[in-house]
Amino acid sequence: MTAQTSNSLFSKIAQGLAVLLIAVVFFSLGLWQLDRAKALKESLVTATQVDTSIVALESITAARQPIPVDAINRQVNVSGHYVGDFKAANQADGNGTVNDWEVGLLQVGENQGILVVRGLWEERLLNPDISMAMLIDIKGQLRASQSDDHGLNGDGAISRLDSSVIVGLTDLDLFDGYVMASSESHNGSELIRSRPTPATLSSRIPGYYWQHLSYVVIWWLMAAVVLYLPFYRRRVKP
């Protein structure tokens, strides 16, 4: 075998391996996109299957601990005394309506506390008889803490619904997250006021299911094209 023949054979093998490698990459990307589509579909099912049973707050989470994933968006009940009141500005409810909200710091037991979205800030004077001595029974949805600021801290205001922004204002052991109250009552008498609706639950996987599937087709079509090109060049070569 001559040196020229040997070099030609080596070149063809290298080109073949390069084509195969590119095809494998495209095929793998298609598999990855398929997994994303599957994960998206599963996350959408999970997001719409909300457990509506009401459980005690302390039975699914604990103070000074990150909120468990399976506790987020659960319906809870909790009782305590309001020991603080804050304004949370520029908050959007489930209908997309932006308002300032009244957020109470509820003392639970001897030394624990959690933030509770009570209602609209403009209606904070609807129940002037509420005092720290009163035991308030609350039902609502447990939500994960917000990560983005909607306003500024200070002068009785908090920048976001997150217990970490008030750790310097209280000695209580705080629960992670907050409760969107759907009802408040004292001795069986309900406190009547407007309640913001929680934001709609959605998947955290970006994109749309059919969009991911279309990318699967594109990646695998590109893999097929890469594998076919060498044969096409050989057919059209004079």
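Residues numbered from 1 in each chain as written. Predicted model: local features only at pLDDT ≥ 70, side-chain atom pairs only at ≥ 80, totals over all residues. Heavy atoms only, no water.

## With respect to the nonpolar core
The tendency in soluble globular proteins is for nonpolar side chains to be buried side by side. In terms of nonpolar packing, the biggest core is built from 21 residues, with Leu 57, Leu 106, Ile 114, Val 116, Ile 138, Leu 142 and Val 179 touching the most fellow members. Mapped by element, the contributors of at least two residues to this core are helix H2 (57-60), strand E2 (75-92), strand E3 (98-108), strand E4 (112-120), strand E5 (136-143) and strand E7 (173-186). Ignoring sequence-local partners within four residues, the contact set of Leu 142 consists of Leu 57, Ile 60, Thr 61, Ile 67, Ala 71, Ile 72, Asn 73, Arg 74, Val 76, Ile 114, Tyr 178 and Val 179. By size, the runner-up hydrophobic cluster in this structure holds 16 residues, among which are Trp 101, Val 117, Ile 166 and Met 180. (Core = buried A, V, L, I, M, F, W, Y, C linked by side-chain atoms within 4.5 Å. Buried < 20%, exposed > 50% of the residue type's maximum accessible area, 1.4 Å probe, protein only. Helix = DSSP H or I, 4+ residues; strand = E, 2+ residues; numbered from the N terminus. Contact = heavy atoms within 4.5 Å.)

## Considerations on the pairing of E4
Moving residue by residue along a regular strand, the side chains alternate between the two faces of the sheet. Burial analysis of E4 places 8 of its 9 residues in the buried class, the great majority of the element. Across 8 bridges, E3 lies against E4 in antiparallel orientation. Looking at the pairing, Glu 102 lines up with Gly 119 of E4. Linking E3 to E4, which pair antiparallel, is a turn of 3 residues; within it Gly 109 sits at a positive phi near 70°. (Pairing = 2+ DSSP bridges.)

## Some points on the pattern of salt bridges
Per the stated rule, a full pass over the model turns up 8 salt bridges. Note that Arg 118 and Glu 102 form a salt bridge whose closest N and O atoms lie 3.5 Å from each other. Here Arg 118, found in strand E4, pairs with Glu 102, found in strand E3; they are 16 residues apart in sequence, far enough to count as distant. Residue classification places Arg 118 among the buried positions, given a relative accessible area of 7%. A salt bridge links Glu 184 to Arg 118, with the nearest nitrogen and oxygen atoms 2.8 Å apart. With Glu 184 in strand E7 and Arg 118 in strand E4, this residue pair connects regions lying 66 residues apart in the sequence. (Salt bridge = Lys/Arg side-chain N within 4 Å of Asp/Glu carboxyl O.)

## As for a nonpolar patch on the surface
On the surface, Ile 13, Leu 17, Leu 20, Val 24 and Leu 227 cluster together to form a nonpolar patch covering roughly 450 Å² of accessible area. Inspection of the secondary structure assignment puts Val 24 in helix H1 (residues 3-48). (Patch = residues over 30% accessible without salt bridge, like charges linked within 9 Å, V, L, I, M, F, W, Y side chains within 5 Å. Areas by Shrake-Rupley, 256 points an atom, 1.4 Å probe, with all protein chains shown as cover.)

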